[in-house]
Amino acid sequence: MDFALNDDQRAIQDAARAFADAELAPHSARWDEDKHFPVDVMKQAAEMGFCGIYTGEEHGGIALGRVEAALIFEELSRGDVATAAFISIHNMATWMIDRFGSDDLRGRFVSDLVGMEKIASYCLTEPGSGSDAAALRTTAVRDGDHYVLNGSKAFISGAGTSDVYVVMVRTGGEGPKGVSAIVVEAGTPGLSFGAQEKKMGWNAQPTAIVQFDDCRVPVANLLGEEGAGFKYAMAGLDGGRLNIAACSLGGARLALETAQAYVATRKQFGKPLAEFQALQFRLADMATDLEAARLMVLRGAWAIDNDHPEKTKWCAMAKRLATDACFQIADEALQLHGGYGYLKDYPLERIVRDLRVHRILEGTNEIMRVIIAREMGRG
């Protein structure tokens, strides 16, 4: 068992860190304040391959593994959590088209997505079906060489800005076997968007309802086979959960580093806070929890890369552990700053706001426990 990164992995990690330090971190506070979606900077990330990390090379992806993806997303999120998280969603949607789409679909979309010439969104959640994703109600009825879509999707990152929407729809009966996946392009008649949501965090990316009203989409835009969409969606989410867990690592790491620097210089009762053993213990626990979360994420990534039969369980474990632990680390770092941590002069309040949603999306952490328990029962 070798825990060391190889030379290529260290080079990838260094490149992502350098990009985040130069292009994300200096602007993170302003993007949050202005609710700015930094498409231009994401296109720069695409030039480095970060928008097609595990997409195949045929259409311009860099075909790395999920371990490398986890390393990249940790570094990017240390620069800006919300932007890194959106890049992770874009990667998931792009991979789904590349992995399950026809040659025609892949040829039409993947190259542009990898280069961020087109932006992708993933559409599963609905106003009436969140955790119970298989109960989705958005329908796609076959009409000649088109499907006619009706329904809506909720909390969609990129809604109204994205060019491509990977949408889970009901083409058959109740339950997961009646779900299919289809690609809907921006500008398709019948496709519209709700008002931008007013959110606690993730302000550097747009979020809104995606609405379908007799939206006609070519049958050629179907991903894979009818009735296989839920399986495709869950395959995407195994990796998506790791990505969002890795984004939690980066935010928590920045919070811990900020807290370490603060307690080294802040004096109370005649000495630096760093000299109080109680605070040393708190920092030690934060560092230990961060490392444990990182190891769990890398184990899940290894499981996907090696198609391990328990990969779904390990990804759910990693997502549950990392997003909970990293939020607590960020909250503790804010607490160590006292009143200053509550001010926007420091990054802590933004990190706390951004990391909070990671415990909800890509499957709530309660659903992660359901998945883990179910998989344990199969063993």
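Rules used in this analysis
Residue indices begin from 1 for each chain and proceed along its sequence in written order. In keeping with the predicted nature of the model, local features appear solely for residues at pLDDT of at least 70, side-chain atom pairs appear and are counted solely at 80 or more, and the whole-chain, interface and lining totals rest on all residues. With hydrogens and water set aside, each side-chain value is computed from the structure's full complement of heavy atoms. Secondary structure is summarised from DSSP: a helix means a run of H or I of at least four residues, a strand means a run of E of at least two, and numbering begins at the N terminus for each. Here the globule rule is a power law, 2.2 Å times the number of residues to the power 0.38, and the radius of gyration is based on C-alpha atoms. The classification of residues rests on relative accessible area computed with a 1.4 Å probe and restricted to protein chains. Under 20% of the type maximum is buried, over 50% is exposed, and intermediate values are partly exposed. Contact between two residues is taken to exist if any of their heavy atoms lie within 4.5 Å; hydrogens are not considered. Axis definition: a line fitted to C-alpha atoms, over the contacting stretch in the case of helices. Angles run 0 to 180 degrees between N-to-C directions. The labels follow the angle: roughly parallel below 35 degrees, roughly antiparallel above 145, roughly perpendicular from 65 to 115, and oblique for the rest. Whether a crossing is left-handed or right-handed is set by the direction in which the near helix is turned from the far one by less than a right angle, anticlockwise for left-handed and clockwise for right-handed. Ten residues, namely Ala, Val, Leu, Ile, Met, Phe, Trp, Tyr, Cys and Pro, are considered nonpolar, four, namely Asp, Glu, Lys and Arg, are considered charged, and the remaining ones, Gly among them, are considered polar. Whenever two N or O atoms come within 3.5 Å, that pair is a polar contact, provided that in protein one can donate a hydrogen and the other can accept it, and provided that, for residues adjacent in sequence, both atoms are side-chain atoms. One bridge is not enough; two strands pair if DSSP finds at least two bridges between them. Centres within 6.5 Å are what make two rings of Phe, Tyr or Trp a pair, Trp counting through its six-membered ring; a difference in plane orientation under 30 degrees is then read as stacked, over 60 as edge-to-face, and the rest as tilted. Criterion for a charge above a ring: Lys NZ or Arg CZ within 6 Å of the ring centre, and within 35 degrees of the ring normal.

Novice: Which residues make up the overall build of the chain, and what values do they have?
Specialist: Each helix and strand in the chain was counted, giving eleven helices and ten strands. In terms of overall dimensions, the chain is globule-like: its C-alpha atoms have a radius of gyration of 21 Å, near the 21 Å expected for 379 residues. Structurally, the chain occupies a C-alpha span of about 80 × 45 × 40 Å along its principal axes. Across the 379 residues of the chain, 54% fall into the buried class. Nonlocal contacts in the chain, meaning residues at least 24 apart in sequence, comprise 73% of its contacts between residues at least 6 apart.

Novice: So what's going on with the packing of helix α4 (residues 66-79) against helix α7 (residues 229-265)? Which residues, and what values?
Specialist: Contact pair α4 / α7: the axes reach a minimum separation of 7 Å and the direction vectors enclose 40°. By the angle between their axes, α4 is oblique relative to α7. The two elements α4 and α7 meet at a crossing, and its hand is right-handed. In this structure, α4 contributes Arg-66, Ala-69, Ala-70, Phe-73, Glu-74, Glu-75, Ser-77 and Arg-78 to the contact, and α7 contributes Gly-239, Asn-243, Ala-246, Cys-247, Leu-249, Gly-250, Gly-251, Arg-253, Leu-254 and Glu-257. Taken together, the residues of the contact of α4 with α7 sort by class into seven nonpolar, five polar and six charged.

Novice: Describe the environment of Thr-207, and please don't skip the residues or the numbers.
Specialist: Along the chain, the position of Thr-207 falls in strand β7 (residues 207-218). The exposure class of Thr-207 is buried, given its relative accessible area of 6%. It is 29 Å that separates the C-alpha atoms of Thr-207 and Asp-104, two residues lying 103 residues apart in sequence. If we skip the residues at most four places from it in the chain, Thr-207 touches Phe-155, Ile-156, Ser-157, Ala-195, Gln-196, Glu-197 and Lys-199. A distance of 2.7 Å separates the side chain of Thr-207 from the side chain of Lys-199, its partner in a polar contact.

Novice: Talk me through the pairing of strand β2 (residues 139-143); I want residue IDs and the actual numbers.
Specialist: Relative to strand β3 (residues 146-157), β2 is paired through five bridges, and the arrangement is antiparallel. Across the sheet, the residue bridging to Arg-142 is Tyr-147, located in β3. If you look at the hairpin formed by β2 and β3, you'll find two residues sitting between the two strands, and Gly-144 has a positive phi there, around 70°.

Novice: Explain the side chain of Arg-106 to me, using residue names and the numbers behind them.
Specialist: Structurally, Arg-106 is set in helix α6 (residues 103-114). Within the structure, Arg-106 has its side chain in polar contact with the side chain of Glu-58 (distance 2.9 Å). Not counting chain neighbours up to four residues away, the residues in contact with Arg-106 comprise Glu-58, His-59, Ile-97, Asp-98, Gly-101 and Ser-111.

Novice: Describe unusual backbone geometry, listing the residues and the values that go with them.
Specialist: Backbone geometry places Met-116, a non-glycine residue, at a positive phi of 60°. With respect to the helices and strands, Met-116 occurs in the loop between α6 and β1 (120-123). Residue Met-116 is classed as buried on the basis of its relative accessible area, which comes to 1%. At Asp-307, a residue that is not glycine, the phi angle is positive and equals roughly 45°.

Novice: Any chance you could break down the packing of α4 against helix α8 (residues 277-305) for me, citing the residues and the numbers?
Specialist: In the contact formed by α4 and α8, the axes pass within 7 Å of each other and the chain directions differ by 145°. Residue-level inspection shows Arg-66, Val-67, Glu-68, Ala-70, Leu-71 and Glu-74 of α4 in contact with α8, the latter providing Arg-294, Val-297, Leu-298, Ala-301, Trp-302, Ile-304 and Asp-305.

Novice: Got a sec to walk through the packing of aromatic side chains? Specific residues and values, please.
Specialist: Applying the stated criterion to the full structure yields ten aromatic pairs. For the pair Phe-269 and Phe-276, a centre-to-centre distance of 6.5 Å together with 75° between the ring planes defines the contact as edge-to-face. Over the face of the ring belonging to Trp-95 we find Arg-66, whose NZ or CZ atom lies 5.0 Å from the ring centre. The ring of Phe-276 carries the charged tip of Lys-271 above its face, separated from the ring centre by 4.6 Å.

Novice: How would you sum up the pairing of β7? Please name residues and give values.
Specialist: Sheet topology places β3 next to β7; nine bridges connect them, and they run antiparallel. By the bridge assignment, Leu-149 is partnered in β7 with Cys-215. As judged from the three bridges shared by strand β6 (residues 191-193) and β7, these two strands associate in the antiparallel manner. Note on β7: the bridge partner recorded for Phe-193 is Val-210.

Novice: Talk me through the side chain of Gln-205; I want residue IDs and the actual numbers.
Specialist: Along the chain, Gln-205 turns up in the loop between β6 and β7. For Gln-205, a relative accessible area of 3% gives the class buried. For Gln-205, the side chain forms a polar contact with the side chain of Ser-157, separated by 2.7 Å. Ignoring sequence-local partners within four residues, the contact set of Gln-205 consists of Phe-37, Ala-82, Ala-85, Phe-86, Ser-157 and Lys-199.

Honestly, that's just the spatial picture; any functional story needs more than this.
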